[in-house]
Protein chains: 2
Amino acid sequence: MESTLQIICKWKSVIIYHLLDKKVCHFGQLQHELKDCSRRMLALQLNDLEKDGIIKKNIHQFNSLKTDYQLTEFGKTLEPVITSMANWGKIYNQKRS
Amino acid sequence: MESTLQIICKWKSVIIYHLLDKKVCHFGQLQHELKDCSRRMLALQLNDLEKDGIIKKNIHQFNSLKTDYQLTEFGKTLEPVITSMANWGKIYNQKRS
DNA sequence: CTGAATCCTTAGGGATACTG
DNA sequence: CAGTATCCCTAAGGATTCAG
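Conventions and cut-offs
- Residues numbered from 1 in each chain as written.
- Chains lettered and ligands numbered in written order.
- Predicted model: local features only at pLDDT ≥ 70, side-chain atom pairs only at ≥ 80, totals over all residues.
- Heavy atoms only, no water.
- Helix = DSSP H or I, 4+ residues; strand = E, 2+ residues; numbered from the N terminus.
- Buried < 20%, exposed > 50% of the residue type's maximum accessible area, 1.4 Å probe, protein only.
- Areas by Shrake-Rupley, 256 points an atom, 1.4 Å probe, with all protein chains shown as cover.
- Lys, Arg positive; Asp, Glu negative; His and termini not counted.
- Charge placed at Lys NZ, Arg CZ, Asp CG, Glu CD.
- Near = heavy atom within 4 Å.
- Polar contact = N/O pair within 3.5 Å; in protein donor to acceptor, adjacent residues only side chain to side chain.
- Nonpolar A, V, L, I, M, F, W, Y, C, P; charged D, E, K, R; others polar.
- Least-squares fit on C-alpha atoms with pLDDT ≥ 70 in both.
- Contact = heavy atoms within 4.5 Å.
- Buried area = accessible area lost by both parts, 1.4 Å probe.
- Salt bridge = Lys/Arg side-chain N within 4 Å of Asp/Glu carboxyl O.

1. Some points on the overall build of chain A
Of the regular secondary structure elements, chain A holds 6 helices and 3 strands. If you list the helices and strands of chain A from N to C, you get α-α-β-α-α-β-β-α-α. For chain A, the spread of C-alpha atoms along the three principal axes comes to 50 × 25 × 20 Å. Expressed as a percentage of the 97 residues in chain A, the buried residues total 41%. Of the roughly 5,600 Å² of accessible surface on chain A, a fraction of 50% belongs to carbon and sulfur atoms. Each charge sign in chain A was given a centre, from 15 positive and 10 negative side chains, and these centres are 5 Å apart.

As structure tokens, then:
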């Protein structure tokens, strides 16, 4: 329970949510989706997720640098957790003070 | 999604988890379950949950003071979210660095 | 474009003491 | 027992700069 929370806390659940949807995302794409998350914070969260074996990072060197991220098989096991969160949010979002 | 996270972050998911199980808990019971959560922090989290309509607080005055907490009907709608988190934690807890 | 490093400020949260 | 208020300190995280 607490361990699950460590994995999905902060921006991580949102990142995973997008990776479940898009399959693959560049750093910039994620930055675009997570408007309120700074570049520094995004990088930290991605590092955590990679360290925990949730996501895999791929680096491509063209003239410039391009990386992308995708869920590992292990990361995909979080799908039920993330979707149940997303569903609850969709249904009960109006309940705000 | 983000809104869901606001509701279950920190100790809140653990609190909800116990309330789903026990139905009713006194402040002291929760304090006992959440060993690493200070009394101050527990009170803050409970305040948040009450403000968001997730839990209901009942106060009983005997010679001393006794309060208990239980989930509201709205709070119970979080059950799928909490149990999917708990299940994932049970299965993949070994994955630690 | 994708990050890591450094600096700097704020607020999250513990310890303690006080109330009913 | 169940909380609130105050003090105080650490660390989370933004802004900015440097690097590949």
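2. Here's the deal with the protein's contact with DNA strand C
Taken together, 16 residues surround DNA strand C, and among them A:R39, A:K57, A:Y69, B:K10 and B:S38 come closest. Protein-proximal atoms of DNA strand C, defined as those within 4 Å of the protein, fall in sugar or phosphate at a share of 61%. The separation between a phosphate oxygen of DNA strand C and a polar side-chain atom of A:K57 is 2.7 Å. When contributions to the surface near DNA strand C are tallied by element, the ones reaching two or more residues are α3 (27–33), α4 (39–51) and β3 (65–71) of chain A together with α4 (39–51) of chain B. Within the surface near DNA strand C, the residues separate by chemical class into 5 nonpolar, 5 polar and 6 charged.

3. Overview of the relation of the copies chain B and chain A
Of the transformation placing chain B onto chain A, the axial shift is 0.0 Å and the rotation is 180°, giving an RMSD of 0.0 Å. These values place the two chain copies in the arrangement generated by a two-fold rotation axis. Comparing interface residues between copies, 100% of those in chain B also lie at the interface in chain A; the contact surface is shared.

4. Some points on the protein's contact with DNA strand D
Of all residues adjacent to DNA strand D, which total 17 residues, the nearest are A:K10, A:S38, B:R39, B:K57 and B:Y69. The protein-proximal atoms of DNA strand D, defined as those within 4 Å of the protein, are 66% sugar or phosphate. Note that a base nitrogen of DNA strand D is positioned 3.4 Å from one of the side-chain N or O atoms of A:R40. A distance of 2.7 Å is found between a base oxygen of DNA strand D and a side-chain nitrogen or oxygen belonging to B:R39. With 4 residues, the top contributor of residues to the surface near DNA strand D is strand β3 (residues 65–71) of chain B. The residue inventory of the surface near DNA strand D, partitioned by class, reads 5 nonpolar, 5 polar and 7 charged.

5. Quick look at the interface of chain B and chain A
Between chain B and chain A, the contact holds 27 residues from the first and 27 residues from the second. The largest share of the area that chain B buries against chain A comes from B:M1, B:F74 and B:W88, three residues that together contribute 30% of it. Summed over the shared surface of chain B and chain A, the number is 0 salt bridges. Between chain B and chain A we count 7 residue pairs in polar contact (both at pLDDT 80 or more) in total. Within the residue set of the side of chain B that touches chain A, elements represented by two or more residues are α1 (2–8), α2 (12–22) and α6 (79–92) of chain B. The element best represented in the side of chain B that touches chain A is α6(B), accounting for 9 residues. Taken together, the residues of the side of chain B that touches chain A sort by class into 16 nonpolar, 7 polar and 4 charged.

Read these as geometric descriptors, not functional statements.
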